[in-house]
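Spelled out from the first residue to the last, the chains are:
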Amino acid sequence: MDAWARADLDALDARGLLRRTRRVEGLAGPRMRVDGHDVLMLAGSNYLDLAGHPEVLRGAREASDAAGGAAGGSRLINGNLALHEELEAALACFAGTEAALVFSTGYMANLGVLTTLASGPDDVIVSDELNHASIVDACRLSRAEVRVFRHDRPEDLERVAAGLAGFRRRVLITDGVYSMDGDVARLGELLPVARAHEMTVVVDDAHGLGVLGEQGRGACELGGVEADVVIGNLGKALGSFGAYVACSSVVREWLINRARSFIFTCGLPPAPVGAARAALRVLEREPERRKQLLERAEQLRAGLGDAGYDTGRSSSQIVPAIVGDNARVMALCEAALGRGVYAQGIRFPSVPAGTERIRFTPICAHTPGQIDQVVELFRELR
Ligand SMILES: *Cc1c(COP(=O)(O)O)cnc(C)c1O
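This structure is a prediction, so every number in the text was calculated from the model and none was measured. (Residues numbered from 1 in each chain as written. Predicted model: local features only at pLDDT ≥ 70, side-chain atom pairs only at ≥ 80, totals over all residues. Heavy atoms only, no water.)

J.: Teacher, can you tell me more about the domain arrangement of the chain here?
T.: The extent of an interface is frequently quoted as the accessible surface area lost upon association of the parts. Under the domain assignment used here, the chain contains domain 1 (20–42 + 287–381) and domain 2 (54–285). A C-alpha centroid distance of 27 Å is found between domain 1 and domain 2. Opposite the 19 residues of domain 1 that make contact, domain 2 presents 23 residues. Buried area between domain 1 and domain 2, both sides added, is near 1500 Å², and the carbon and sulfur share of it is 52%. Area buried by domain 1 at its contact with domain 2 is led by Arg290, Arg313 and Ile318, which between them contribute 41% of it. Put simply, domain 1 and domain 2 have 3 salt bridges between them. Across the pair aspartate 181 and arginine 357 runs a salt bridge whose closest N-O atoms are separated by 2.9 Å. (Domains from an automatic or database assignment. Contact = heavy atoms within 4.5 Å. Buried area = accessible area lost by both parts, 1.4 Å probe. Salt bridge = Lys/Arg side-chain N within 4 Å of Asp/Glu carboxyl O.)

Here is the structure:
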């Protein structure tokens, strides 16, 4: 077995695709330690700086003190805590839906939702070509027919949708914000096409939640549309861990009965539930966090553009600098780390060849001066 592993790893290495983990230390925030370097952290999803927020940490502690370290089992056996239900009520209220159901991760929420909504070859899932890997896996696991449309192109969705007449259930799934490019799905144009073809619409808004829209409700609020099901994440802007599905009461009951990634796994422990509940309060009370985050992202985008980088389609807090070569991306990333900035290098095949990039994700707590520092460093490194 070790020989198989060695051969496969060597093959990845030969193509410049070997991945490795980095060692991160320090309280979550704008500055952290990565592989022994003090850095500005621009590679995380702690967008609203809530992961280290005292009120959020207190929420985690109080939930643990009251209920212990673990849910102790599946939500369907002994692990359905009052804390879960309280958080779900608050999330439904925030999302403006009848109900919400917490899953252990966003990956598992996508598996559960898509395999429930589409459950065999009579059903069809229509998926944007750049959707998150967990959606791709969920499509496969559903055993439904899968049709892919060109990224964020309503006219291509129309072309695909026109060929779906014979299917029992038709499901459109799209990310709200695209994690590699930072562009926001044009939901205002995609949804009318879906509606005209009687498709159920699911939006995975992992990056949009808490960031986009007047109330921070995400890409749907920004686009002025309502999806049938919205999947939100507790581990990104909310600074905790886990995910939820905002939906009708009957769909919630359906998921509890059918979604295997909900049924056959342990419920979320008290600490992240308490943290998410507290984070939601801060998020609702302090809209300036998302305003500031988007200002920093705009400053970064403008600065990198001025320094000669192509920032592509980005219009959110995710800002890529497209470099176009795996080796160059990794060299830039390492050089930046050594000089106090950590941003993630993203290589082919995670993105198309020729568009390899550094991906920056600032958080609201970065100061304008720190953003300038990042821009100046990358201007020099270029
Ligand atoms: C991060 C992310 C997920 C996965 O969420 P986890 O809670 O980390 O499993 C799913 N979909 C999208 C679009 C994401 O960005």
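J.: Explanation requested: the site of the ligand in the structure shown.
T.: Close to the ligand lie Thr105, Gly106, Tyr107, Asn110, His132, Ser134, Asp175, Asp204, Ala206, His207, Asn233 and Lys236. Contacts to the ligand include glycine 106, whose backbone N or O atom sits 2.7 Å from an oxygen atom. At 3.0 Å from an oxygen atom of the ligand is found a main-chain nitrogen or oxygen belonging to tyrosine 107. In isolation the ligand exposes 380 Å². Once the protein is present, 82% of that is buried. The element best represented in the shell around the ligand is helix α4 (residues 106–117), accounting for 3 residues. Partitioning the shell around the ligand into residue classes produces 2 nonpolar, 7 polar and 3 charged. (Near = heavy atom within 4 Å. Polar contact = N/O pair within 3.5 Å; in protein donor to acceptor, adjacent residues only side chain to side chain. Areas by Shrake-Rupley, 256 points an atom, 1.4 Å probe, with all protein chains shown as cover. Helix = DSSP H or I, 4+ residues; strand = E, 2+ residues; numbered from the N terminus. Nonpolar A, V, L, I, M, F, W, Y, C, P; charged D, E, K, R; others polar.)

J.: Is there a simple way to explain empty space enclosed by the protein in this structure?
T.: If a probe the size of a water molecule is rolled over the atoms, the empty space left behind becomes visible. Under the definition given, this model contains 1 cavity of 30 Å³ or more. The volume enclosed by the largest cavity comes to roughly 60 Å³. Contributions of two or more residues to the lining of the largest cavity are made by β4 (99–103) and α10 (260–263). Along the lines of polarity and charge, the residues of the lining of the largest cavity split into 5 nonpolar, 4 polar and 1 charged. (1 Å grid on protein atoms, 1.4 Å probe; cavity = no way out; pocket = protein on both sides within 12 Å on 5 of 7 lines; lining within 4 Å. Points joined across faces, edges and corners; volume = space filled by probe spheres on them.)

J.: How do you make sense of unusual backbone geometry when you look at a structure like this?
T.: Note: most peptide bonds trans; most residues except glycine with negative phi. A cis amide bond links phenylalanine 348 with the next residue in sequence, proline 349, at an omega value of 10 degrees. Tracing the chain through its elements places proline 349 in the loop between β13 (344–346) and β14 (357–360). Unusually for a residue other than glycine, aspartate 35 sits at a positive phi of about 50 degrees. One can find aspartate 35 in the loop between β2 (31–34) and β3 (37–41). One non-glycine residue, glutamate 198, lies in positive phi territory at about 50 degrees. Of note, glutamate 198 is situated in the loop between α7 (187–196) and β8 (200–204). Residue glutamate 198 is classed as exposed on the basis of its relative accessible area, which comes to 62%. (Buried < 20%, exposed > 50% of the residue type's maximum accessible area, 1.4 Å probe, protein only.)

J.: Looking at this structure, how should I read the sheet that holds strand β1 (residues 24–25)?
T.: Backbone-to-backbone hydrogen bonds pair the strands of a sheet. The strands run either parallel or antiparallel. Across the sheet, which stays open at both edges, the 4 strands sit in the order β1-β2-β3-β12 with mixed pairing between neighbours. Among the strands making up the open sheet, the edge pair consists of β1 and β12 (341–342). In the sheet, β3 pairs with β12 via 2 bridges, with the strands oriented parallel. Along β12, the bridge assignment pairs methionine 41 with tyrosine 342. (Pairing = 2+ DSSP bridges.)

J.: What should I look at first to understand the pairing of β8 in this one?
T.: When a strand is regular, its side chains alternate between the sheet's two faces. Counting buried positions over the 5 residues of β8 gives 4, a clear majority of the element. Inspection of the sheet shows strand β7 (residues 170–175) paired to β8 by 5 bridges, in the parallel sense. By the bridge assignment for β8, isoleucine 173 is matched with valine 202. Handedness of the crossover joining β7 and β8 through α7 is recorded here as right-handed. Strand direction decides the pairing type here: β8 and strand β9 (residues 229–233), joined by 3 bridges, are parallel. Across the sheet, residue valine 202 finds its bridge partner in β9, namely valine 229. (Right-handed = clockwise from strand over helix to strand, strands pointing away.)

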